[in-house]
Amino acid sequence: GCNFRGMENPSHFEFLSDNNIVLGRRRFAAYQVGDLVAVTEGFTVVAIAQVIGDLQPITDLPDLEHEAVGFNIEFVDRTLVAPANLVELQEPYQLPIQAGNRRVRRQEHIDSIMQLWEQNH
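None of these values were measured; they are calculated from a predicted model. (Residues numbered from 1 in each chain as written. Predicted model: local features only at pLDDT ≥ 70, side-chain atom pairs only at ≥ 80, totals over all residues. Heavy atoms only, no water.)

Novice: Mind showing me how you'd approach the pattern of salt bridges here?
Specialist: Per the stated rule, a full pass over the model turns up two salt bridges. When the shortest N-O distance is used, the salt bridge between E74 and R25 registers 2.9 Å. In this pair, E74 is assigned in the loop between helix 2 (65–70) and strand 5 (79–94) and R25 in strand 1 (residues 21–25), connecting sequence segments 49 residues apart. Take E74 and R25: they sit in the same class, and that class is buried. For E74, the salt bridge identified is with R78, shortest N-O distance 3.2 Å. With a relative accessible area of 41%, R78 lands in the partly exposed category. Taken together, the shared-partner salt bridges in this structure form one network comprising R25, E74 and R78. (Salt bridge = Lys/Arg side-chain N within 4 Å of Asp/Glu carboxyl O. Helix = DSSP H or I, 4+ residues; strand = E, 2+ residues; numbered from the N terminus. Buried < 20%, exposed > 50% of the residue type's maximum accessible area, 1.4 Å probe, protein only.)

Below, the structure written as structure tokens:
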């Protein structure tokens with residue numbers, strides 16, 4: 001999601017988009033090159049990203065620190081970042097899960113996300 005640690009924090013979608021990255025947490029992110037990532041604000045998918053590089057700790061990219069901290073993103077080794085091609089959706093898609101960085105498991109949602117990627121990139 002684009003609200004690190006909850007909806008009370010500002011959306012960091014612009015941070016992701018401007019830097020062509022996706023974020024994850026060491027415990028949950030297992031992104032691999034080629035994976036699609038649903039970028040959400042609450043239950044709404046606002047963009048789909050395709051991972052184009054390996055995950056690395058955000059701390060390996062010190063130029064991101066000031067901006068990340070401004071969005072309340074923890075600038076620590078367990079916060080991971082991967083380069084990605086982000087495509088903002090013209091019509092947002094509702095994804096009724098809200099648990100931060102999690103793998104989408106329901107086939108109907110996977111199919112919808114894949115279709116949205118094909119239609120929008």
